[in-house]
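Chain residues, written in single-letter form:
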Amino acid sequence: DIQMTQSPSSLSASVGDRVTITCRASQIISSSLNWYQQKPGKAPKLLIYAASSLQSGVPSRFSGSGSGTDFTLTISSLQPEDSASYYCQQSYTPRRFTFGPGTKVDIK
Amino acid sequence: QMQLQESGPGLVESSETLSLTCTVSGGSIISSSYYWGWIRQPPGKGLEWIASIFYNGRTYYNPSVRSRVTISVDTSKNQFSLKLNSVTAADTAVYYCVREPLVVIAMIGAFDIWGQGTIVTVSS
């Protein structure tokens, strides 16, 4: 199976900061990479699919980039409501999906 | 707007079978536009895809649980279900039912709608 790693595992940033989270796949996955946001006690929410496509209704401060094995999720101007955990997920192998371990984002 | 809702026992005895149902509302489960699936999250840990099913019964399973899991669909009730047998404490988790859209090719493999999740505790 394709293994996913994320860095950092956690970060703390101030409102208005630019935040970048990295996700790496154990093999080339083209652009088959999705990002989710999960707030405590809630189900994950799809933010980005196919590495860089913004899901409907998601604020434009969220963006994704990358292809191959290395991907990034960027929050251009961190807002208080962005405090959450963020997970990447590969969808390269149909229905053999795997997730990254997550990155927790806190507001200073 | 389509919604998913999990239901089932919150407590299962060790070595017994965990059974969960997901009810789909706001749309039909009989659609070539979606796969339906289950994802779980142990307390304080990350997400694990368990299984997916198409309305015609085609199934896919995570190899890590393949020998113990069955996913099924009941089109008459607009529901799909998960059964996981021989459970242990390691199966304690929040279980989510999810929708995987197929219409937009770029979205294949992404999960765009999630149920609220149901906590299942395996007791010894």
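Preceding this paragraph is the structure being described.
Residues numbered from 1 in each chain as written. Chains lettered and ligands numbered in written order. Predicted model: local features only at pLDDT ≥ 70, side-chain atom pairs only at ≥ 80, totals over all residues. Heavy atoms only, no water.

**What about the sheet that holds strand E7 (residues 62-67) of chain A?**
All names here are of chain A.
Logical step 1: Reading across the sheet, the four strands line up as E1-E3-E8-E7 and stay open at both edges, with antiparallel pairing between neighbours. Bordering the open sheet on either side are strand E1 (4-7) and E7, each of which pairs with just one other strand. Taken over all neighbouring pairs, the strand axes of this sheet differ in orientation by 20° on average, direction set aside.
Logical step 2: Sheet topology places E1 next to strand E3 (residues 19-25); four bridges connect them, and they run antiparallel. Residue pairing across strands places Gln-6 opposite Cys-23, the latter belonging to E3. (Pairing = 2+ DSSP bridges. Helix = DSSP H or I, 4+ residues; strand = E, 2+ residues; numbered from the N terminus. Axes fitted to C-alpha atoms, helices over the stretch in contact; angles between N-to-C directions.)

**Brief notes about the sheet that holds strand E7 (residues 69-74) of chain B**
All names here are of chain B.
Logical step 1: Taken in spatial order, the four strands line up as E1-E3-E8-E7 in an open sheet, and their pairing is antiparallel. Edge positions in the sheet fall to strand E1 (3-7) and E7, since each has one partner strand and no second. Geometrically, the sheet is characterised by an average inter-axis angle of 20° between neighbouring strands, direction not taken into account.
Logical step 2: Taken together, the six bridges between strand E3 (residues 18-25) and strand E8 (residues 79-84) define a ladder with antiparallel strand orientation. Across the sheet, the residue bridging to Leu-20 is Leu-82, located in E8.

**With respect to the packing of aromatic side chains**
Logical step 1: The final tally for this structure, using the stated rule, is 14 aromatic pairs over all chains.
Logical step 2: Measuring from ring centre to ring centre gives 5.7 Å for Tyr-35 of chain B and Tyr-60 of chain B, while their planes differ by 70°; the resulting arrangement is edge-to-face. Remark: Tyr-60 of chain B occurs in strand E6 (residues 59-61) and Tyr-35 of chain B occurs in strand E4 (residues 34-41); sequence separation between them is 25 residues.
Logical step 3: Ring plane angle 80° and centroid distance 5.5 Å describe the contact between Tyr-96 of chain B and Trp-114 of chain B, whose orientation is recorded as edge-to-face. Highlighted residues: Tyr-96 of chain B in strand E9 (residues 93-101) and Trp-114 of chain B in strand E10 (residues 113-114), separated in sequence by 18 residues. We note that Tyr-96 of chain B, like Trp-114 of chain B, is buried.
Logical step 4: Through pairs of rings, three or more aromatic residues link up here, namely Tyr-36, Phe-97 and Phe-99 of chain A together with Trp-49, Tyr-96, Phe-111 and Trp-114 of chain B. (Phe/Tyr/Trp six-rings, centres within 6.5 Å; stacked < 30°, edge-to-face > 60°. Buried < 20%, exposed > 50% of the residue type's maximum accessible area, 1.4 Å probe, protein only.)

**Things to note about the nonpolar core**
Logical step 1: Formed by 28 residues in total, the largest nonpolar core has its most connected members in Leu-18, Trp-36, Trp-38, Ile-50, Phe-80 and Tyr-95 of chain B.
Logical step 2: When residues in this core are grouped by element, the largest group, four residues, is from E3 of chain B.
Logical step 3: If we skip the residues at most four places from it in the chain, Ile-50 of chain B touches Trp-38, Ile-39, Arg-40, Tyr-60, Tyr-61, Asn-62, Val-65, Val-69, Leu-82 and Tyr-95 of chain B.
Logical step 4: By size, the runner-up hydrophobic cluster in this structure holds 24 residues, among which are Leu-33, Trp-35, Ala-51 and Val-58 of chain A. (Core = buried A, V, L, I, M, F, W, Y, C linked by side-chain atoms within 4.5 Å. Contact = heavy atoms within 4.5 Å.)

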